[in-house]
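One-letter residues, chain by chain:
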Amino acid sequence: MKKVYENLEFAMVGHMKSLLESQGIRCEIRNEGGVSVAGEVPFTQVYPELWVLSNADLEKAKAFVEDYREKLRNQPVAADWTCPACGELVEGQFSECWNCGKPAPEPA
Ligand SMILES: [Zn+2]
């Protein structure tokens, strides 16, 4: 088990998890809400983290995360959008709703 990614935003970590899983890399999120480590780690250090289950997938996962970060850096910041299906406010970098999986509506 190796940590490959962490982000203050839980939605971002969840998004990365589904991206890695779509690459056939099994992973899990730890520190959701800090529950599993409460009392041991100061709250400010508890971020959701993404862990790869198999060390054999680690390099591939790391490369994927790096690629993804690179892509985000080169991307113009997209505006947040509201999901037409469930009404959830979704951050601009997501191409589908983190809540229900609906793709972002085409820009008008
Ligand atoms: Zn939705």
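So, how was this worked out
Residues numbered from 1 in each chain as written. Predicted model: local features only at pLDDT ≥ 70, side-chain atom pairs only at ≥ 80, totals over all residues. Heavy atoms only, no water. Helix = DSSP H or I, 4+ residues; strand = E, 2+ residues; numbered from the N terminus. Buried < 20%, exposed > 50% of the residue type's maximum accessible area, 1.4 Å probe, protein only. Polar contact = N/O pair within 3.5 Å; in protein donor to acceptor, adjacent residues only side chain to side chain. Contact = heavy atoms within 4.5 Å. Donors = N, O, S within 2.8 Å, 3.2 Å for Na, K, Ca; no water. Tetrahedral: all angles 85-135°; square planar, octahedral: opposite > 155°, others 65-115°.

Asks: So what about the side chain of Glu49? Which residues, and what values?
Replies: Structurally, Glu49 can be placed in strand β3 (residues 49-52). Judged by its relative accessible area of 11%, Glu49 is buried. Engagement of the side chain of Glu49 in a polar contact is seen with the side chain of Trp51, the distance being 2.9 Å. The residues touching Glu49, leaving out its near neighbours within four places in the chain, are Lys3, Tyr5, Glu6, Val13, Glu28, Ile29, Arg30 and Asn31.

Asks: Residues and numbers for the side chain of His15, please.
Replies: One can find His15 in helix α1 (residues 10-22). A residue is classified by how much of its surface remains accessible, and His15, at 10% relative accessible area, is buried. With near-sequence residues (within four places) excluded, His15 lies in contact with Tyr68, Phe94 and Glu96.

Asks: Pulling in residues and values, what's your account of the environment of Met1?
Replies: Residue position: Met1 is located in the segment before β1 (2-6). Residue Met1 is classed as partly exposed on the basis of its relative accessible area, which comes to 35%. Taking the C-alpha atoms as reference points, Met1 and Glu28, separated by 27 residues in sequence, lie 9.4 Å from one another. Setting aside residues up to four positions removed in sequence, Met1 forms contacts with Glu28, Arg30, Trp51, Val52, Leu53 and Asn55.

Asks: If you had to explain the coordination of the zinc ion to someone new, which residues and values would you point to?
Replies: Only Cys83 (SG), Cys86 (SG), Cys97 (SG) and Cys100 (SG) from the protein reach the zinc ion as donors, at distances of 2.3 Å. Classification of the site at the zinc ion as tetrahedral follows from its 4 donor atoms and the range of 105 to 117 degrees in their angles at the metal. Considered as a linear motif, the donors of the zinc ion on their single chain read C-x2-C-x10-C-x2-C. Taken as a pair, Cys86 in the loop between β4 (81-82) and β5 (89-90) and Cys97 in the segment after β5 lie far apart in primary sequence, 11 residues in all.

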